[in-house]
Amino acid sequence: MPSFVLASSSPRRAALLSNAGFEFEIAAPRIAEKFDAAVTLRELTLWNALRKGMSVAQTCPDAVVLAADTLVALENETIGKPADLKEAARMLRRLSGRTHEVCSAVLIYHQTSGRSAVFHDISRVRFHRLNRAMIDKYVAKVDPLDKAGAYAAQGSGAEIIAKINGSFTNVVGLPMEKTIDALAKFGVRPKEC
């Protein structure tokens, strides 16, 4: 089996892969994520995933590299990560009682062979109606600053999320249903139990 590198510093993506039985190394990309409100949600996540993956593949040309990017959009307006707790609370108020989209784009790339796979997944997430006390309580429990839309689906996510249509793991940050199949085509499979 070829060596497998996760081009991400996201503990959530690492946990999803690890829980599925994959063995991998982590190489955090040394590039800043781009954010442009004029670009669609799908285009922006694909752009960031490609940039992250290619930057890591240059230093690990013999490895199968996986990179991903996840963003949130409400009524076609892309929402990134909050700059501070005040902005996080503002984002959660906007999402309160409404349905938004979560898009994750994934690049799997093996530089030596030139093989690649690129795909995305979109899930729709409906929030409960949140009052100020609920938002303050949630923000105090969860670090919202490294999360698109200022929230996480896992852990305390049930306190704010009413329903998810689509892949739960996509909302966490990596659509595992599609990712497992795509990795298998590169010879990367979960370890046997």
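A quick note: this is a predicted structure, and the numbers were derived from the prediction, not measured. (Residues numbered from 1 in each chain as written. Predicted model: local features only at pLDDT ≥ 70, side-chain atom pairs only at ≥ 80, totals over all residues. Heavy atoms only, no water.)

S.K.: How do you make sense of helix α1 (residues 11–19) when you look at a structure like this?
M.R.: Three- or four-residue spacings in an α-helix give side chains the same orientation, since the helix completes a turn every 3.6 residues. All of the buried residues along α1 are Arg12, Arg13, Ala14, Leu16 and Leu17. Count one or two residues on from α1 and you reach glycine 21, which has phi positive near 100°. (Buried < 20%, exposed > 50% of the residue type's maximum accessible area, 1.4 Å probe, protein only. Helix = DSSP H or I, 4+ residues; strand = E, 2+ residues; numbered from the N terminus.)

S.K.: Help me understand the layout of surface pockets in this model?
M.R.: Taken as a whole, the largest pocket encloses approximately 450 Å³ of empty space. The wall of the largest pocket is formed by 30 residues, among which Ser10, Arg12, Arg13, Lys81 and Asp146 lie closest to the centre. Within the residue set of the lining of the largest pocket, elements represented by two or more residues are α1, β3 (64–74) and α5 (168–172). Among the elements that take part in the lining of the largest pocket, β3 stands out by supplying five residues, more than any other. By residue class, the composition of the lining of the largest pocket is 16 nonpolar, six polar and eight charged. (1 Å grid on protein atoms, 1.4 Å probe; cavity = no way out; pocket = protein on both sides within 12 Å on 5 of 7 lines; lining within 4 Å. Points joined across faces, edges and corners; volume = space filled by probe spheres on them. Nonpolar A, V, L, I, M, F, W, Y, C, P; charged D, E, K, R; others polar.)

S.K.: Just to check I follow, could you spell out the pattern of salt bridges for this structure?
M.R.: Side chains that differ in sign of charge can pair as their charged atoms come close. Applying the stated criterion across every chain yields a total of 12 salt bridges. The partner of arginine 94 in a salt bridge is glutamate 77, with the nearest N and O atoms 3.2 Å apart. Of the two residues, arginine 94 sits in helix α3 (residues 85–95) while glutamate 77 sits in strand β4 (residues 77–79), which places them 17 residues apart along the sequence. Residue glutamate 77 is classed as partly exposed on the basis of its relative accessible area, which comes to 42%. In this structure, the salt-bridge partner of lysine 141 is glutamate 159, at a minimum N-O distance of 2.3 Å. Taken together, the positions of lysine 141 in helix α4 (residues 132–141) and glutamate 159 in the loop between α4 and β7 (161–165) put the pair 18 residues apart, joining distant regions of the chain. Since its relative accessible area comes to 43%, lysine 141 is described here as partly exposed. Accessibility expressed as a relative area gives 32% for glutamate 159, which makes it partly exposed. Through salt bridges with shared partners, a single network forms among Glu33, Lys52, Asp69 and Lys81. (Salt bridge = Lys/Arg side-chain N within 4 Å of Asp/Glu carboxyl O.)

S.K.: In this structure, what is going on with the nonpolar core? I would like to understand it.
M.R.: In summary, soluble globular proteins display a tendency toward joint burial of nonpolar side chains. Of all hydrophobic cores here, the largest spans 48 residues; its most connected members are Leu92, Ile108, Phe127, Tyr151 and Leu183. The leading source of residues in this core is β3, at seven residues. Among the nonpolar cores identified, the runner-up in size contains 10 residues, and Val56, Val65, Ala67 and Leu107 belong to it. (Core = buried A, V, L, I, M, F, W, Y, C linked by side-chain atoms within 4.5 Å.)

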